[in-house]
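Results of the structural survey
Residue-level listing of the chains:
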Amino acid sequence: MMDGLTDGLWLMNNGDIALEDVEQTAFAILQAGRLRMVKTEYISCPGCGRTLYDLRTTIARIKEATKGMTGLKVGIMGCIVNGPGEMADADYGYVGAGPNKVSLYRKQVCVEHNIPEEEAVEHLLALIKADQQGKQ
Ligand code: SF4
């Protein structure tokens, strides 16, 4: 699928899985293979000893704030060490820059440095909205 060799997929269900769950699974696979984007995509690291902010709470906040932005890819990385490389496919990146500090990326370019963590989600939303308005 990732190599472009697939046009679709067929999931077998003998009736004991709800149709909605089958559909959501199918769409999730198609989105992971970049064949059909049906929701916002999040690329996040699992967190480790280098994580510089509250990763789980932040992921939940970013998901809530961007859930309707179908097709948008947001990278959420705990630190600068591996973050930018691991989110290479993302449209925007939210990356730990220091203890409770965050830097924001547009694609691979850092566009805001060392924002206090408590303000960073709002800055991310403002950046996305400004870019969207610039395209209209
Ligand atoms: S991006 Fe940084 S914080 Fe996240 S898992 Fe990798 S090294 Fe750890």
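Here is what the cut-offs are and how they apply
- Residues numbered from 1 in each chain as written.
- Predicted model: local features only at pLDDT ≥ 70, side-chain atom pairs only at ≥ 80, totals over all residues.
- Heavy atoms only, no water.
- Helix = DSSP H or I, 4+ residues; strand = E, 2+ residues; numbered from the N terminus.
- Expected span 1.5 Å × (residues − 1).
- Buried < 20%, exposed > 50% of the residue type's maximum accessible area, 1.4 Å probe, protein only.
- Arc of directions from axis to C-beta.
- Contact = heavy atoms within 4.5 Å.
- Near = heavy atom within 4 Å.
- Nonpolar A, V, L, I, M, F, W, Y, C, P; charged D, E, K, R; others polar.
- Core = buried A, V, L, I, M, F, W, Y, C linked by side-chain atoms within 4.5 Å.
- Phe/Tyr/Trp six-rings, centres within 6.5 Å; stacked < 30°, edge-to-face > 60°.
- Salt bridge = Lys/Arg side-chain N within 4 Å of Asp/Glu carboxyl O.
- Patch = residues over 30% accessible without salt bridge, like charges linked within 9 Å, V, L, I, M, F, W, Y side chains within 5 Å.
- Areas by Shrake-Rupley, 256 points an atom, 1.4 Å probe, with all protein chains shown as cover.
- pLDDT = per-residue confidence, 0-100.

A few words now on helix 1 (residues 19–32). For helix 1, with 14 residues, the first-to-last C-alpha span of 20 Å sits near the 20 Å given by 1.5 Å per residue. Every buried residue belonging to helix 1 is among Val22, Ala26, Leu30 and Gln31, and all of these are buried. Projection of helix 1 onto a plane perpendicular to its axis shows the buried side chains occupying an angular sector of 165 degrees, all on one side. The inward-facing, buried residues of helix 1 abut strand 1 (41–44).

With that settled, consider the site of the ligand. By nearness alone, every residue bordering the ligand is listed as Cys45, Pro46, Gly47, Cys48, Arg50, Thr51, Gly78, Cys79, Asn82, Gly83 and Glu86. Here the shell around the ligand is composed, by residue class, of 4 nonpolar, 5 polar and 2 charged.

Moving on: the nonpolar core. In terms of nonpolar packing, the biggest core is built from 26 residues, with Ile62, Ile76, Tyr94, Leu104 and Leu124 touching the most fellow members. Listing elements by their share of this core, those giving two or more residues are helix 2 (55–66), strand 2 (73–77), strand 3 (92–98), strand 4 (101–106) and helix 4 (117–135). Residue contributions to this core peak at 6 residues, all from helix 4. With near-sequence residues (within four places) excluded, Leu124 lies in contact with Ile62, Val74, Tyr92, Tyr94 and Leu104.

Summed over the entire model, instances satisfying the criterion amount to 1 aromatic pair. Summarising the aromatic geometry, the rings of Tyr53 and Tyr94 are spaced 5.5 Å apart at their centres and angled 75 degrees between planes, so their arrangement reads as edge-to-face. With Tyr53 in the loop between strand 1 and helix 2 and Tyr94 in strand 3, this pair connects stretches of sequence that are 41 residues apart. Pair check on accessibility: Tyr53 and Tyr94 agree, each one buried.

If charged atoms from side chains of opposite charge come close, those side chains can pair. Counted by the stated rule, this structure contains 7 salt bridges. For Lys67, the salt bridge identified is with Glu64, shortest N-O distance 2.9 Å. In this pair, the class of Lys67 matches that of Glu64, namely exposed. With its nearest N and O atoms 2.9 Å apart, the salt bridge here joins Asp91 to Lys107. With Asp91 in the loop between helix 3 (83–86) and strand 3 and Lys107 in the loop between strand 4 and strand 5 (109–116), the pair connects residues that are 16 residues apart, well separated along the chain.

A cluster of nonpolar residues, Leu9, Leu11 and Ile29, forms a patch on the protein surface that exposes about 200 Å² of accessible area. With respect to the helices and strands, the residue Leu11 is situated in the segment before helix 1.

Before going further, it helps to spend a moment on helix 2. With 12 residues, helix 2 extends 16 Å from end C-alpha to end C-alpha; this agrees with the ideal 16 Å at 1.5 Å per step. Among all positions in helix 2, only Leu55, Thr58, Ile59, Ile62 and Thr66 are buried. The buried residues of helix 2 occupy an angular sector of 100 degrees when the element is viewed end-on, so they sit on one face. The exposed residues of helix 2 that point more than 90 degrees off its buried face are Arg56 and Glu64.

Turning our attention to the side chain of Lys73. Here Lys73 is to be found in strand 2. Not counting the four nearest positions on each side in its chain, Lys73 is found in contact with Arg34, Met37, Glu41, Ile43, Asp89, Ala90, Asp91 and Tyr92.

Time to look at the confidence of the model for the protein chain. For the protein chain, mean pLDDT is 92; residues scoring 70 or higher make up 99% of the total. Summarising per-element confidence for the protein chain, the mean pLDDT is lowest in helix 3 (78) and highest in strand 4 (96).

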